[in-house]
Amino acid sequence: GDVFRINKANTFYETNDNGATYTFTQDGREVHDGIEFTATGKITDDVTVLAGATFIDPKITQTNTALYLNTAPANVARNLIKASVDYALPFLPGVTLTGGVYRTGSFIGNQFGSAIEHLSGYTTADLGARFTTAINNMLVTFRLNVTNITDNAYWQWSDTLGAPRTVSFSMSMDL
């Protein structure tokens, strides 16, 4: 696994004097200590699996608001888990089916004084297919992907909804 430390500005929404509106504020530092594990391998000649997990211990380490010192910062999930599979169809050369499941743990959306907004974790799943072929001696790949196939509604951050089910098509060439 990989061990990491992220040291960044601490940002949050601060309640204005009227109690009804908020100001986006930068105050102090936050540190995210973590470890990430990733494994990939072939189950068979046609099936490739990738799995991973990230565990984070986030803390506000400097702030002018003593109430927030050594607490978890907003919008940082403590754990993320992912698994994906690629299946190269043996009976259709060049065609690969893809799929993945991604889990983000719960997190603090914001701290409003002593009130803490907790946001639920969420799970999304993707499906796709790609076709790779040679055209005029160039390798060409066509991709069709559907992200968030269940159209799960979730908060990606305290002020951002996650993307709904999305279908995309792309083509790339190796020149």
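Nothing here was measured: the structure is a model prediction, and the numbers come from that model.

*Asks:* Can you lay out the sheet that holds strand β1 (residues 2–15) for me, pointing to particular residues and giving the numbers?
*Replies:* Reading across from one edge, β1-β2-β3-β4-β5-β8-β9-β12 is the order of the eight strands in this open sheet, with antiparallel pairing throughout. A single partner strand is all that each edge strand has here, and the edge strands are β1 and β12 (166–174). Strand-to-strand twist of the sheet, defined as the mean angle between neighbouring strand axes without regard to direction, takes the value 20°. Of the pairings in the sheet, the one linking strand β4 (residues 79–88) to strand β5 (residues 95–104) comprises nine bridges and is antiparallel in character. The residue of β5 that forms the bridge with I81 is R103.

*Asks:* An account of the pattern of salt bridges is needed here, citing residue identities and associated values.
*Replies:* The tally for this structure, following the rule as stated, stands at four salt bridges. What you see here is one network of salt bridges that share partners, running through D57, K59 and R78.

*Asks:* Outline empty space enclosed by the protein, listing residues and values.
*Replies:* Scanning all chains against the criterion turns up one cavity of 30 Å³ or more. A volume near 50 Å³ is recorded for the largest cavity. Every residue along the wall of the largest cavity is listed here: N10, T11, F12, I60, Y68, P73, A74 and Q111. Of all the elements, β1 adds the most residues to the lining of the largest cavity, at three residues.

Calculation criteria
Residues numbered from 1 in each chain as written. Predicted model: local features only at pLDDT ≥ 70, side-chain atom pairs only at ≥ 80, totals over all residues. Heavy atoms only, no water. Pairing = 2+ DSSP bridges. Helix = DSSP H or I, 4+ residues; strand = E, 2+ residues; numbered from the N terminus. Axes fitted to C-alpha atoms, helices over the stretch in contact; angles between N-to-C directions. Salt bridge = Lys/Arg side-chain N within 4 Å of Asp/Glu carboxyl O. 1 Å grid on protein atoms, 1.4 Å probe; cavity = no way out; pocket = protein on both sides within 12 Å on 5 of 7 lines; lining within 4 Å. Points joined across faces, edges and corners; volume = space filled by probe spheres on them.

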